[in-house]
Amino acid sequence: MIRSELIQKIAEENPHLFQRDVERIVNTIFEEIIEALARGDRVELRGFGAFSVKKRDARTGRNPRTGEAVDVEEKFVPFFKTGKLLRDRLNEG
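The rules behind each value
Residues numbered from 1 in each chain as written. Predicted model: local features only at pLDDT ≥ 70, side-chain atom pairs only at ≥ 80, totals over all residues. Heavy atoms only, no water. Salt bridge = Lys/Arg side-chain N within 4 Å of Asp/Glu carboxyl O. Helix = DSSP H or I, 4+ residues; strand = E, 2+ residues; numbered from the N terminus. Buried < 20%, exposed > 50% of the residue type's maximum accessible area, 1.4 Å probe, protein only. Contact = heavy atoms within 4.5 Å. Phe/Tyr/Trp six-rings, centres within 6.5 Å; stacked < 30°, edge-to-face > 60°. Axes fitted to C-alpha atoms, helices over the stretch in contact; angles between N-to-C directions. Parallel < 35°, antiparallel > 145°, perpendicular 65-115°, else oblique. Left-handed = near helix turned anticlockwise from the far one by under 90°. Nonpolar A, V, L, I, M, F, W, Y, C, P; charged D, E, K, R; others polar. Pairing = 2+ DSSP bridges.

**Examining the pattern of salt bridges**
If charged atoms from side chains of opposite charge come close, those side chains can pair.
Piece 1. This model, assessed by the stated rule, comprises seven salt bridges.
Piece 2. Asp 88 is paired through a salt bridge with Lys 84; the nearest N and O atoms lie 2.9 Å apart. Of the two residues, Asp 88 and Lys 84 both sit in helix 3 (residues 84-90), four residues apart, roughly one turn of that helix.
Piece 3. It is possible to trace a salt-bridge network through shared partners that takes in Arg 42, Glu 44 and Arg 46.

The structure is reproduced here in structure tokens:
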């Protein structure tokens, strides 16, 4: 599902809301998650999962085309850990 499909689904399920308002709400939620992660905060959505930021240390990598050693700087990457409810629903069966 992409962002526009999410907005469309929410708008269909909530006919009392204008689509432009739903779009603004969805965009605000995503922006707040992004800003929190940029500050280094953790974002937890109960039952769904938690977003956090992990630090990857500097290392020596390899260029896959040439095999040449390349220095890779340290960086921060987003990390998502699923919540128990989501894990349980995915593994029903």
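**What about the environment of Ile 7?**
Piece 1. Looking at the element boundaries, Ile 7 is found in helix 1 (residues 3-13).
Piece 2. Its relative accessible area of 6% is what places Ile 7 among the buried residues.
Piece 3. Taking the C-alpha atoms as reference, Ile 7 lies 27 Å from Val 77; in sequence the two are 70 residues apart.
Piece 4. With residues near it in sequence (within four places) discarded, Ile 7 still touches Gln 19, Val 22, Glu 23 and Val 26.

**Remarks on the packing of aromatic side chains**
Piece 1. Inspection of every chain in the model, using the stated rule, returns two aromatic pairs.
Piece 2. On the numbers, 4.8 Å between centres and 50° between planes, the contact of Phe 51 with Phe 80 is tilted. Of the two residues, Phe 51 is situated in strand 2 (residues 49-56) and Phe 80 in strand 5 (residues 75-82); the sequence distance between them amounts to 29 residues.
Piece 3. A residue is classified by how much of its surface remains accessible, and Phe 51, at 22% relative accessible area, is partly exposed.
Piece 4. Note on Phe 80: relative accessible area 31%, which makes it partly exposed.

**A few points about the packing of helix 1 against helix 2 (residues 19-38)**
Angle between the axes and distance between the axes: these two values describe a pair of packed helices.
Piece 1. Two elements in contact, helix 1 and helix 2, have axes separated by 9 Å at closest approach and are oriented at 130°. Viewed along their axes, helix 1 and helix 2 adopt a mutual orientation that is oblique. Note that helix 1 runs across helix 2; the crossing there is right-handed. Side by side, helix 1 and helix 2 meet where Arg 3, Leu 6, Ile 7, Gln 8, Ile 10 and Ala 11 of the first sit next to Gln 19, Val 22, Glu 23, Val 26, Asn 27 and Phe 30 of the second.
Piece 2. Of the residues that constitute the contact of helix 1 with helix 2, the class distribution is seven nonpolar, three polar and two charged.

**Describing the side chain of Ser 52**
Piece 1. Counting through the fold element by element, Ser 52 comes out in strand 2.
Piece 2. Relative accessible area serves as the criterion here: at 17%, Ser 52 is assigned to the buried category.
Piece 3. When near neighbours in sequence (up to four residues on either side) are disregarded, Ser 52 contacts Leu 37, Arg 42, Val 77, Pro 78 and Phe 79.

**Thoughts on the pairing of strand 4 (residues 69-72)**
Piece 1. Where strand 3 (residues 59-62) meets strand 4, four bridges bridge the pair, whose relative direction is antiparallel. Paired with Thr 60 across the bridge in strand 4 is Asp 71.

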